[in-house]
Amino acid sequence: MSDIALNLEIEGDYIDSFIYMGVLFLVDFDFNVHSYQWNEICDFILKRNGFNDKNNAESVMSYLTKGRYHSQRKHDLIDTLINQDELNSLSSDKHHIGYYPSDIYIYSKKIYYTHEKGVYFTALKHETGGVSGNNPVKIFDTRCFSISPNTLDRLALAAGREGVLTCEAGYFSNFRKNKDFKQISNSDSIDIEWIDNYLMINNTEKNVIVNKYKEQPKDEDFILNKDSLFNILKESNKIDSEMIEAFKSDSGIPDKIKKEIKRIVVSLSPEEIKTDKNYIYSWTSGDFNFFLDNNLAVDIFKDNTLLETKRIINVLDKQIDRVRTSGCGTYLESDNKLLSLNDDKLTMVDDDIVNWRVFPRAKKHCNHLHIIKDDLINIKVFNMSFDNPLSSYLKKHN
């Protein structure tokens, strides 16, 4: 029984890929973003291939399309290819972005991308989930290297020598009123990841900065932790007379004011977490934060508590460029090679990649690994494993 349920190759020259809410996005070298319905791709494979073991094939396709990531069943591998003509026969949307993108990210029904002209976003279509035909909105004048959006319309940008910048919650809903990003790190950075409360900043000098933001208040906090919330607002000089009256009222805090308080709390300046060691790389997924040191030991933390240390058996002759964790496992990039980390062992996945991506925040597609090569994209969809920080994903679903 394979750890992989689907090994799909799609022919074509691509720069990047993303999957979001059942839509597969592919960026080609004409700088077009194509979007395809993932269910249509799976239905096409099921009908075209025939399959001798129809029960397994239908079970795999159900697993792939319904996102049953809590399924304990292990599926037999389906290994297949879609050529360019077959892909073109599937319905798609197309959006031209104009220039070679340094990064793209799709989150909260928006696509963000950055290229030589700056950073842009545009909404997704309600009907198909593809990129809308609306003109993109420019939100930053400089090319960035990494984009990481978060809840409540927050966004972090790694802008190289300009450091790392973030915008306040509610930025896009009040776009005309608020166009400022603030610098939270002046270190040269091209790699960031902002999930839940932690913004992990990896600097080009091979050191890390970890910023912890306050959690978004839950509705019950306005009852159970009312005094604490009031003090946070008061100490940060973010409270006004309307909020004071709402806190005093016996009828509870109105939803409109709750929404504003949530925005204020998560927009407060973060606390920089001090680490006991000099780490060279950091990343985050699910409930866990990961830190890599010079000796290739990975310290795994949960809520600032060290859970365990994985000491990697080094098979690399070059430095580690990037690491990410999701439901499909933990992967390391080094010198255009992609390796998987299992316990203390590194295993070669592909020795000649252009790009790659995993999806630790996805509800349905956290078990996808996308590998971009010179003439195709390889999409691997894994059978899920559980209770392992190295295959953690989407915190609220753990």
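Residues numbered from 1 in each chain as written. Predicted model: local features only at pLDDT ≥ 70, side-chain atom pairs only at ≥ 80, totals over all residues. Heavy atoms only, no water.

So, the packing of helix 1 (residues 38–49) against helix 2 (residues 54–66)
- At a minimum axis distance of 10 Å, the contact between helix 1 and helix 2 shows a crossing angle of 170 degrees. As summarised for this structure, helix 1 and helix 2 are arranged roughly antiparallel, according to the angle between their axes. On the side of helix 1, the interface is formed by Trp38, Asn39, Cys42, Ile45 and Leu46, while helix 2 contributes Ala57, Glu58, Met61, Leu64 and Thr65.
- Taken together, the residues of the contact of helix 1 with helix 2 break down into 7 nonpolar, 2 polar and 1 charged. (Axes fitted to C-alpha atoms, helices over the stretch in contact; angles between N-to-C directions. Helix = DSSP H or I, 4+ residues; strand = E, 2+ residues; numbered from the N terminus. Parallel < 35°, antiparallel > 145°, perpendicular 65-115°, else oblique. Contact = heavy atoms within 4.5 Å. Nonpolar A, V, L, I, M, F, W, Y, C, P; charged D, E, K, R; others polar.)

Considerations on the sheet that holds strand 2 (residues 14–20)
- Strand order in the open sheet formed by 4 strands is 2-3-4-6, with antiparallel pairing between adjacent strands. Of all the strands in the sheet, the pair left with one neighbour each is strand 2 and strand 6 (92–96). Ignoring which end each strand starts from, the neighbouring axes of this sheet average 20 degrees apart.
- Where strand 4 (residues 32–37) meets strand 6, 5 bridges bridge the pair, whose relative direction is antiparallel. In the sheet register, Asn32 faces strand 6, and the bridge partner there is His96.
- Contacting strand 2, strand 3 (23–28) and strand 4, helix 1 runs over the sheet at an angle of about 60 degrees to strand 4. (Pairing = 2+ DSSP bridges.)

Side note on empty space enclosed by the protein
- In total, this model carries 1 cavity of 30 Å³ or more according to the counting rule given.
- In this structure, the largest cavity encloses a volume near 40 Å³.
- Taken together, Arg154, Thr166, Cys167, Glu168, Lys182, Trp194, Tyr213, Val266, Ser267 and Leu268 form the lining of the largest cavity.
- Of all the elements in the fold, those that place two or more residues in the lining of the largest cavity are strand 13 (164–167) and helix 7 (255–267).
- Here the residues of the lining of the largest cavity sort into 5 nonpolar, 2 polar and 3 charged. (1 Å grid on protein atoms, 1.4 Å probe; cavity = no way out; pocket = protein on both sides within 12 Å on 5 of 7 lines; lining within 4 Å. Points joined across faces, edges and corners; volume = space filled by probe spheres on them.)

Let's talk about the sheet that holds strand 8 (residues 110–115)
- With antiparallel pairing, 4 strands are arranged side by side in an open sheet as 7-8-9-10. In this open sheet, the two edge strands, each paired with only one partner strand, are strand 7 (103–107) and strand 10 (137–140). Across the sheet, the axes of successive neighbouring strands diverge by a mean angle of 25 degrees, strand direction being ignored.
- The sheet contact formed by strand 8 and strand 9 (residues 118–123) spans 6 bridges and is antiparallel.

Details of unusual backbone geometry
- For Leu152, which is not glycine, the phi dihedral falls at a positive 55 degrees.
- Of note, Leu152 is situated in the loop between strand 11 (146–150) and strand 12 (154–158).
- Despite not being glycine, Leu296 has its phi angle at roughly 60 degrees, a positive value.
- Relative to the helices and strands, Leu296 resides in the loop between strand 20 (288–292) and strand 21 (297–302).
- Accessibility expressed as a relative area gives 10% for Leu296, which makes it buried. (Buried < 20%, exposed > 50% of the residue type's maximum accessible area, 1.4 Å probe, protein only.)

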